[in-house]
Amino acid sequence: MAPEVLPKPRMRGLLARRLRNHMAVAFVLSLGVAALYKFRVADRRKKAYADFYRNYDVMKDFEEMRKAGIFQSVK
Amino acid sequence: LTNTSISDAQEMETIWTILPAIILILIALPSLRILYLTDEINDPSFTIKSIGHQWYWTYEYTDYGGLIFNSYMLPPLFLEPGDLRLLDVDNRVVLPVEAPVRMMITSQDVLHSWTVPSLGLKTDAIPGRLNQTTFTATRPGVYYGQCSEICGANHSFMPIVLELIP
């Protein structure tokens, strides 16, 4: 059985080609991660805050705290 | 991966010097713009002065009348059930909710730092200098902080307590 012979790699410009390919992949990957972070983390966080404050009742929250006795200036 | 026949790579060297420099400038310019923007338009409705001493804070409410008081940590013997050790003080800083508040912070003696982490506040109290921070709280409650610049033996025992009331 003849051993398999791999094709000879193109030696000329190996480093430059590797660098070019890696840079392209890194660029696309970083754009992708940034977009993913924006939509899945940053926008979700902003929405969570907006949803919380949309129907937030400051006075109701304050009254609950006041009745719990945590304030010194109002009893 | 080795490059045994090292030769000129002028184009590559130029690219990977100039390109990162451009990227950094593109990051820095909007960042500086935002930094200066956060300092500008605030229009606070309330100004309070906070003066750091060894080892307590003095607060001055001089906008409407002249209220000045010291805020010392409650010693352990003076704590009541429910009080927080090393955090509670005798006189709390009472502030309004949903109103921009300006804090002017300085020190009488050595460096201190006026900090309330849950409001995202930390400003150094520097003798001979007046630092300013503004904030608008959105939720009522009691907010705690501790001095954040080493200032001597009782540096850990000069906390800050804000009471935010609507």
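Treat the numbers as computed from the prediction; the structure is a model and nothing was measured.

Counting its secondary structure elements, chain B contains one helix and 10 strands. Going residue by residue from the N terminus, the α and β elements of chain B occur as α-β-β-β-β-β-β-β-β-β-β. What you see for chain B is a C-alpha radius of gyration of 23 Å, clearly larger than the 15 Å of a compact globule of 166 residues, by over 25%. Overall, the C-alpha framework of chain B stretches about 80 × 35 × 35 Å when taken along its three principal axes. By the burial criterion, 35% of the 166 residues in chain B qualify as buried. For chain B, the accessible area works out to roughly 10000 Å², and carbon and sulfur atoms hold 59% of it.

So, about the packing of aromatic side chains. According to the stated counting rule, one finds nine aromatic pairs over all chains in the structure shown. Between Y53 of chain A and Y56 of chain A, the ring centres sit 5.6 Å apart and the planes meet at 85 degrees, which makes this aromatic pair edge-to-face. Under the relative-accessibility criterion, Y53 of chain A is labelled partly exposed at 30%. Ring plane angle 15 degrees and centroid distance 4.5 Å describe the contact between Y56 of chain B and Y72 of chain B, whose orientation is recorded as stacked. With Y56 of chain B in strand 2 (residues 56-61) and Y72 of chain B in the loop between strand 3 (67-71) and strand 4 (93-96), this pair connects stretches of sequence that are 16 residues apart. Taken together, F46, Y59, Y61, Y64 and F69 of chain B form an aromatic cluster joined through their ring pairs. Directly above the ring of F39 of chain A sits K38 of chain A, whose terminal nitrogen or CZ lies 5.0 Å from the centroid.

Moving on to the domain arrangement of chain B. Interface size is commonly expressed as the accessible surface area that is lost when the partners come together. Per the domain assignment, the segments making up chain B are domain 1 (9-40) and domain 2 (46-164). The centre of domain 1 of chain B, based on its C-alpha atoms, is set 38 Å off from the matching centre of domain 2 of chain B.

Turning our eyes to something else, we now look at the sheet that holds strand 9 (residues 141-146) of chain B. All names here are of chain B. Read across the open sheet, the three strands follow the order 4-10-9; overall the sheet is mixed. Bordering the open sheet on either side are strand 4 and strand 9, each of which pairs with just one other strand. Ignoring which end each strand starts from, the neighbouring axes of this sheet average 25 degrees apart. Judged from the six bridges that link them, strand 9 and strand 10 (residues 159-165) form a sheet pairing that is antiparallel. Bridging across to strand 10, Y143 finds its partner in L162.

This part covers the nonpolar core. Counting residues in each nonpolar core, the largest one holds 27 residues, and the members touching the most others are W57, Y59, Y61, L95, W114 and L162 of chain B. Only strand 1 (46-53), strand 2, strand 4, strand 5 (101-107), strand 6 (112-116), strand 7 (121-125) and strand 10 of chain B provide two or more residues apiece to this core.

What follows covers the sheet that holds strand 3 of chain B. Residues and elements named next belong to chain B. Across the sheet, which stays open at both edges, the five strands sit in the order 3-2-1-5-8 with mixed pairing between neighbours. If you trace the sheet from one side to the other, it starts and ends with strand 3 and strand 8 (131-135), each paired once. Each strand of the sheet is rotated relative to its neighbour by a mean of 20 degrees, with strand direction disregarded. Where strand 2 lies against strand 3, five bridges are found, and the strand directions are antiparallel. From the neighbouring strand, Y59 faces strand 3, where its bridge partner is F69.

Basis of the calculations
- Residues numbered from 1 in each chain as written.
- Chains lettered and ligands numbered in written order.
- Predicted model: local features only at pLDDT ≥ 70, side-chain atom pairs only at ≥ 80, totals over all residues.
- Heavy atoms only, no water.
- Helix = DSSP H or I, 4+ residues; strand = E, 2+ residues; numbered from the N terminus.
- Rg over C-alpha atoms; globule rule 2.2 N^0.38 Å.
- Buried < 20%, exposed > 50% of the residue type's maximum accessible area, 1.4 Å probe, protein only.
- Areas by Shrake-Rupley, 256 points an atom, 1.4 Å probe, with all protein chains shown as cover.
- Phe/Tyr/Trp six-rings, centres within 6.5 Å; stacked < 30°, edge-to-face > 60°.
- Lys NZ or Arg CZ within 6 Å of the ring centre and 35° of its normal.
- Domains from an automatic or database assignment.
- Pairing = 2+ DSSP bridges.
- Axes fitted to C-alpha atoms, helices over the stretch in contact; angles between N-to-C directions.
- Core = buried A, V, L, I, M, F, W, Y, C linked by side-chain atoms within 4.5 Å.

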